[in-house]
Amino acid sequence: MRPLYAGNRAPDNFRAEFNAGLWYDKFCNRWLPKKREWSLESNGKNGKKEWIDQLNDKKVGSPAYLEMMIDRMGRLVTALKGELRCFATDWRFVTGLGREHPVENGFAWHHLLGVPFLPGSSVKGVVRAWAENWVGVEPNEVRRIFGPPGWIDEKRVGSVLFFDALPAGPVKVQADVMTPHYAPYYQPQGVPQPPGDWFDPVPIPFLTVAPGQPFLFAIAPRRPECSQDRRDCVLALEWLEEALAGIGAGAKTAVGYGRFTRRLDLEERWSARWPKSETGVKGDEPLDGDAGEGVSPELATSIPEPVSAIRAAMEQDGYSSNPEQFMHALTTKWLPRMQNVDTEVADRREIAQLLAEWYQKTKPDQWKKPNKKNTSKIEAIKRTMDI
């Protein structure tokens, strides 16, 4: 079919004010009216590469619209007693390659913002795959958290909500190229041919997200009033960080695409916009039915005044109120900060002292005789206390 915009003064080239997703998906102008066909060649050059190169090394997305959308998501997630995490791309990241497109390689664009994003369903799939295949979570627990597998006709939902992962600002995109060496084998015409080194490689350009681009991921319990759902949310956050670092998200993860690293500095800056007290969610709120469960009575009392900034931040992470939540924060946030050589020595010692006190009060058996999972953590804490 001839494109609807042909002959209607459609723009020939990308401009910064465009919605990049709309332009990329709907306005590919590699159509030859006389031949009434799509052309992959243009002026003796590769038309696909010319099209993709118009976005190469450019930033896409409106800062104002992105901030508005993230602010709405943050308020919703905070009201649901969920959490946001900020992760930045280690290397290139690509999603939506399998979508249909005239240049044969699609790309997943947010339909409103015109920026690369990772749908919530994909985030859920990554975390579920990690829990099932790498963590070895029991099948019943997987069903409770994520719901039944897609091939089972069971009307039931999981205990955790997964939101779309949105960029924290305008996104830099880059052109990349894949080079399959056995095109006749993959696309046989006539008699099938075996793969052989005598075939010519065929470069295929495609679009990616550049390294170092931060994205905000959000997870919330489906029933905020349910302590089990909130516990599941804490587990899902832990698996999310492990999965993004270990197996990645999006396409071509087997060759290193889609790995993410947590950015605590950006995460704290965004989270400060939605303090939990605004939504009636208190950092020291106990889980339903959990009062005194593995926590001494003195830990359930209010925080003494005054407290240091580090202690106050730990309290927000569940230091005195939620052992499971704080164990996750201890592993992913406080231990890395304690071991970071850029952290002031006094702060490193204070963090180590507070973590030691937490272990001694909340998990005294582990402090005296740690298991395999906690040995390295406790050794690092003791070493830091001696610096």
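A quick note: this is a predicted structure, and the numbers were derived from the prediction, not measured.

> Outline the nonpolar core, supporting the account with residue identities and numerical values.
By size, the foremost hydrophobic cluster in this structure holds 50 residues, and its most contacted members are Tyr24, Leu55 and Phe217. Take this core: its biggest share by element is seven residues, from helix 7 (residues 227–246). Filtering out sequence-adjacent residues up to four positions away, phenylalanine 217 remains in contact with Glu83, Leu84, Arg85, Phe87, Leu118, Val123, Ala165, Leu240, Leu244 and Phe260. The next biggest cluster of nonpolar side chains, apart from the first, holds 21 residues, and it includes Ile310, Ile351, Leu355 and Trp358.

> Any details on unusual backbone geometry? Residues and values, ideally.
A positive phi angle, near 60°, is found at aspartate 57, a position not held by glycine. Turning to its location among the elements, aspartate 57 is positioned in the loop between helix 2 (47–53) and strand 5 (58–60). For aspartate 57, a relative accessible area of 45% puts it in the partly exposed group.

> So, the environment of arginine 348: which residues are in play, and what are the values?
Its location among the elements puts arginine 348 in helix 11 (residues 345–362). Overall, arginine 348 belongs to the buried group, its relative accessible area being 16%. Separated by 11 residues in sequence, arginine 348 and arginine 337 have C-alpha atoms that sit 7.5 Å apart. Excluding its chain neighbours within four sequence positions, the residues that come into contact with arginine 348 are Arg337, Met338, Gln339, Asn340, Val341, Thr343, Thr384 and Ile387.

> Kindly report on the packing of helix 7 against helix 10 (residues 323–339), identifying the contributing residues and their values.
The relative placement of two packed helices is expressed as an angle between their axes plus a distance between the axes. It is at 9 Å that the axes of helix 7 and helix 10 come closest, and there the two elements cross at 15°. As summarised for this structure, helix 7 and helix 10 are arranged roughly parallel, according to the angle between their axes. Crossing angle aside, the handedness with which helix 7 passes helix 10 is left-handed. Here Arg231, Val234, Leu237, Glu238 and Glu241 of helix 7 come into contact with helix 10, specifically with Glu324, Gln325, His328 and Thr332. The residue inventory of the contact of helix 7 with helix 10, partitioned by class, reads two nonpolar, three polar and four charged.

> Could you give me a rundown of helix 9 (residues 309–316), with the residues and numbers involved?
Since the α-helix advances by 3.6 residues per turn, residues separated by three or four positions end up pointing in the same direction. Those residues of helix 9 that sit buried are Ile310, Arg311, Met314 and Glu315. Taken around the axis of helix 9, the buried residues stretch over an arc of 140°, which confines them to a single face. Where helix 9 is buried, its residues meet helix 10 and helix 11. A positive phi of about 95° marks glycine 318, the residue just after helix 9.

> Go over the confidence of the model for the protein, please, and point to the residues and values.
Mean pLDDT for the protein: 82, with 83% of residues reaching 70 or above. Overall, residues 277–305 carries pLDDT values under 50, and its contacts beyond four positions in sequence, including any with other chains, amount to 31 contacts.

> Break down the side chain of aspartate 232 for me, citing the residues and quoting the values.
Relative to the assigned elements, aspartate 232 resides in helix 7. Assessed through its relative accessible area of 0%, aspartate 232 is described here as buried. In this structure aspartate 232 touches Arg144, Ile145, Ser159 and Val160, once residues within four positions along its chain are discounted.

Definitions and cut-offs
- Residues numbered from 1 in each chain as written.
- Predicted model: local features only at pLDDT ≥ 70, side-chain atom pairs only at ≥ 80, totals over all residues.
- Heavy atoms only, no water.
- Core = buried A, V, L, I, M, F, W, Y, C linked by side-chain atoms within 4.5 Å.
- Buried < 20%, exposed > 50% of the residue type's maximum accessible area, 1.4 Å probe, protein only.
- Helix = DSSP H or I, 4+ residues; strand = E, 2+ residues; numbered from the N terminus.
- Contact = heavy atoms within 4.5 Å.
- Axes fitted to C-alpha atoms, helices over the stretch in contact; angles between N-to-C directions.
- Parallel < 35°, antiparallel > 145°, perpendicular 65-115°, else oblique.
- Left-handed = near helix turned anticlockwise from the far one by under 90°.
- Nonpolar A, V, L, I, M, F, W, Y, C, P; charged D, E, K, R; others polar.
- Arc of directions from axis to C-beta.
- pLDDT = per-residue confidence, 0-100.

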